[in-house]
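# Descriptive analysis of the structure
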Amino acid sequence: MTTGHSAPSPMKPRIAATMGKAKILMEAMPFIRAFHGSIVVIKYGGSAMVDEGLRHSFAGDVTLLSLVGIRPVVVHGGGPQISDAMRRLGLEPKFVNGLRVSDDETIKIVQTVLAGEVNPDIVRLLIGHDARAAGITGIDGRLFTAEPKDPALGYVGKVAEVDPEIILGMFEHGLVPIIAPLARGRDNRVYNLNADTAAGKLATALGAKKLVYLTDVEGIYRDLNDPTSLIQRMTLSELRDLLATGTINAGMLPKLESCVTALESGVARAHILDGQIQHSLLLEIFTPEGIGTMIYQDGAEI
Ligand SMILES: Nc1ncnc2c1ncn2[C@@H]1O[C@H](COP(=O)(O)OP(=O)(O)OP(=O)(O)O)[C@@H](O)[C@H]1O
Ligand SMILES: [Mg+2]
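Rules of the game
- All residue numbers refer to positions counted from 1 along the written sequence of the respective chain.
- Chain letters start at A and ligand numbers start at 1, both assigned in the order the entries are written.
- Per-residue local features of the predicted model are confined to residues with pLDDT of at least 70, and side-chain atom pairs are confined, for both listing and counting, to 80 or more; whole-chain, interface and lining totals are unaffected and use all residues.
- Computation of side-chain values covers all heavy atoms of the structure but excludes hydrogens and water.
- A run of H or I in DSSP becomes a helix once it reaches four residues, and a run of E becomes a strand once it reaches two; helices and strands are each numbered from the N terminus.
- Here the radius of gyration uses the C-alpha set of atoms, whereas the globule reference equals 2.2 Å times the residue count to the power 0.38.
- For each residue, the accessible area found with a 1.4 Å probe, counting protein chains only, is set against the maximum for its type, and the residue is called buried under 20%, exposed over 50%, and partly exposed in between.
- What makes two residues a contact is simply this: any of their non-hydrogen atoms within 4.5 Å.
- In these tables, accessible area is a Shrake-Rupley quantity obtained with a 1.4 Å probe, and a residue counts as shielded only by the protein chains included in the view.
- For this count, His and the chain ends are skipped, Lys and Arg are scored as positive, and Asp and Glu as negative.
- To locate a charge, take atom NZ for lysine, CZ for arginine, CG for aspartate or CD for glutamate.
- We call a set of buried residues a nonpolar core when its members are Ala, Val, Leu, Ile, Met, Phe, Trp, Tyr or Cys and they connect through side-chain atoms within 4.5 Å of each other.
- In a helix, the anticipated span is given by 1.5 Å times the number of residues less one.
- We call a residue near a molecule or strand when any one of its heavy atoms sits within 4 Å of it.
- Whenever two N or O atoms come within 3.5 Å, that pair is a polar contact, provided that in protein one can donate a hydrogen and the other can accept it, and provided that, for residues adjacent in sequence, both atoms are side-chain atoms.
- Only Asp, Glu, Lys and Arg are considered charged in this grouping, and only Ala, Val, Leu, Ile, Met, Phe, Trp, Tyr, Cys and Pro are considered nonpolar; every other residue, Gly among them, is considered polar.
- Any two strands with at least two DSSP-identified bridges between them are counted as paired.
- In this analysis an axis means a line fitted to C-alpha atoms, helices contributing only their contacting stretch, and an angle means the value between N-to-C directions, from 0 to 180 degrees.
- Angular relationships are summarised with four words: roughly parallel below 35 degrees, roughly antiparallel beyond 145, roughly perpendicular across 65 to 115, and oblique for the angles in between.

Turning our eyes to something else, we now look at the overall build of the protein chain. Secondary structure assignment for the protein chain yields nine helices and 16 strands. For 302 residues, the compact-globule estimate of 2.2 N^0.38 gives 19 Å, and the protein chain sits close to it at 21 Å. Across its three principal axes, the protein chain shows a C-alpha extent of roughly 90 × 40 × 35 Å. By the burial criterion, 44% of the 302 residues in the protein chain qualify as buried. Residue pairs at least 24 apart in sequence account for 72% of intrachain contacts in the protein chain once pairs closer than 6 positions are excluded. With the model as given, the accessible surface of the protein chain reaches about 15,000 Å², and the carbon-plus-sulfur share is 56%. Distance between charge centres in the protein chain, computed from 29 positive and 34 negative side chains, equals 5 Å.

What follows is about the nonpolar core. Ranked by internal contacts, the top residues of the largest apolar core, which has 83 residues, are Val41, Leu256 and Ile295. With 10 residues, the top contributor of residues to this core is helix α4 (residues 104–128). Not counting the four nearest positions on each side in its chain, Val41 is found in contact with Val73, Val75, Ala199, Leu202, Ala203, Leu206, Ala208, Lys210, Leu211 and Val212.

Given a rise of 1.5 Å per residue, 13 residues ought to cover 18 Å, and the 18 Å separating the end C-alpha atoms of helix α8 (residues 252–264) matches this to within 8%. For α8, the full list of buried residues reads Met252, Pro254, Lys255, Leu256, Ser258, Cys259, Val260, Ala262 and Leu263. Phi for Gly266, located one or two positions after α8, is positive at around 115 degrees.

Our next topic: the site of ligand 1. Close to ligand 1 lie 15 residues, the nearest being Lys43, Thr215, Tyr221, Asn249 and Lys255. In this structure, an oxygen atom belonging to ligand 1 sits 3.2 Å away from a main-chain N or O atom of Gly46. Bound to the protein, ligand 1 loses 78% of the 640 Å² it would expose on its own. Going through the elements one at a time, β11 (210–215), β12 (220–221) and α8 are the ones with two or more residues in the shell around ligand 1. Considering only residue class, the shell around ligand 1 consists of seven nonpolar, six polar and two charged.

Turning to the sheet that holds strand β1 (residues 39–44), a few remarks are in order. Sheet strands line up and pair through hydrogen bonds in the backbone, either parallel or antiparallel. The sheet built from eight strands is open, its strands ordered β5-β8-β2-β1-β11-β15-β16-β14 with mixed pairing. Since the sheet does not close on itself, it has two edges, and those belong to β5 (133–137) and β14 (233–235), each with one partner. Direction aside, the axes of adjacent strands within the sheet are offset by 20 degrees on average. Pairing of β1 with strand β2 (residues 71–76) involves six bridges; the strand directions are parallel. Its bridge partner being in β2, Val40 is matched across the sheet by Pro72.

Contact geometry for helix α6 (residues 195–206) and α8: axes closest at 8 Å, N-to-C directions at 10 degrees. Taken together, α6 and α8 sit at an angle that is classed as roughly parallel. On the side of α6, the interface is formed by Asp196, Thr197, Gly200 and Thr204, while α8 contributes Pro254, Lys255, Ser258, Thr261 and Ala262. Here the contact of α6 with α8 is composed, by residue class, of two nonpolar, five polar and two charged.

Note that Ile139 resides in the loop between β5 and β6 (144–148). Since its relative accessible area comes to 27%, Ile139 is described here as partly exposed. Measuring from C-alpha to C-alpha, the distance between Ile139 and Tyr191 comes to 8.9 Å, with 52 residues separating the pair along the chain. If we skip the residues at most four places from it in the chain, Ile139 touches Gln111, Leu182, Ala183, Arg184 and Val190.

Here you go:
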């Protein structure tokens, strides 16, 4: 007896697998539509900046974002690289409350390492992935103007003014801006900025839709010692409440304080993501589930 159906051809499993990929692409479509033309500021730090595999995963993600019409801006750190360079020169890095004491000699090393090594290395990495990346420091085009944060810290700046014109010009030329966290002081000296804070200020000045922190933890934990306490989503008010408990410290504090000010000034969402997860940027931006912690405006639809 014949069923009228033909025997499965050897092509079918392959087509089925390919159809699965089409489904993934279709799932990404509403996100591509929603974010087309919008600015996403990404703070690139932690081990995603050092591990070779993760560096390439990051570069691929940023390239894809720019290819689908999103405007990524990368602000990078470089603390470990600066400390290594100092030690090679026989200098011991000094920190006060997590901030690098930056005397004349130190700020020269900071500038050399950030503008001369870390920034061009990221630009080269991205260009190798076909993104039209271009590197600048926060000094260029008067992007960041700083004031001394605390005279005891030397050339550690707090951002006093942001002029985002240079970034807008780069977008017009289809470039992906890669920014080293340096600033010109009102005294015309070079200042070292906290990259987390700089990214937040930039997101505000650019009217970015998203501010993303790629870091070394999965997201925000209610209790850092309890891995089950990861917060997947929280509103701006909930974040303010969490900060008021005083349980957030170390490197997470400048990120979350920056998230609060960025959201207060209109940035729609902020994300804390694990840069140790391959393609964490794509997973967060293009999938409904997302990963890491998302902070959103009170009352906003998610
Ligand atoms: N409640 C919390 N949830 C998550 N992380 C927290 C919390 N409180 C403090 N942290 C710390 O914040 C750290 C992330 O900031 P950190 O400055 O170390 O990384 P980064 O800024 O991504 O990298 P880099 O400073 O090298 O650019 C985490 O590794 C964690 O130890
Ligand atoms: Mg940090």
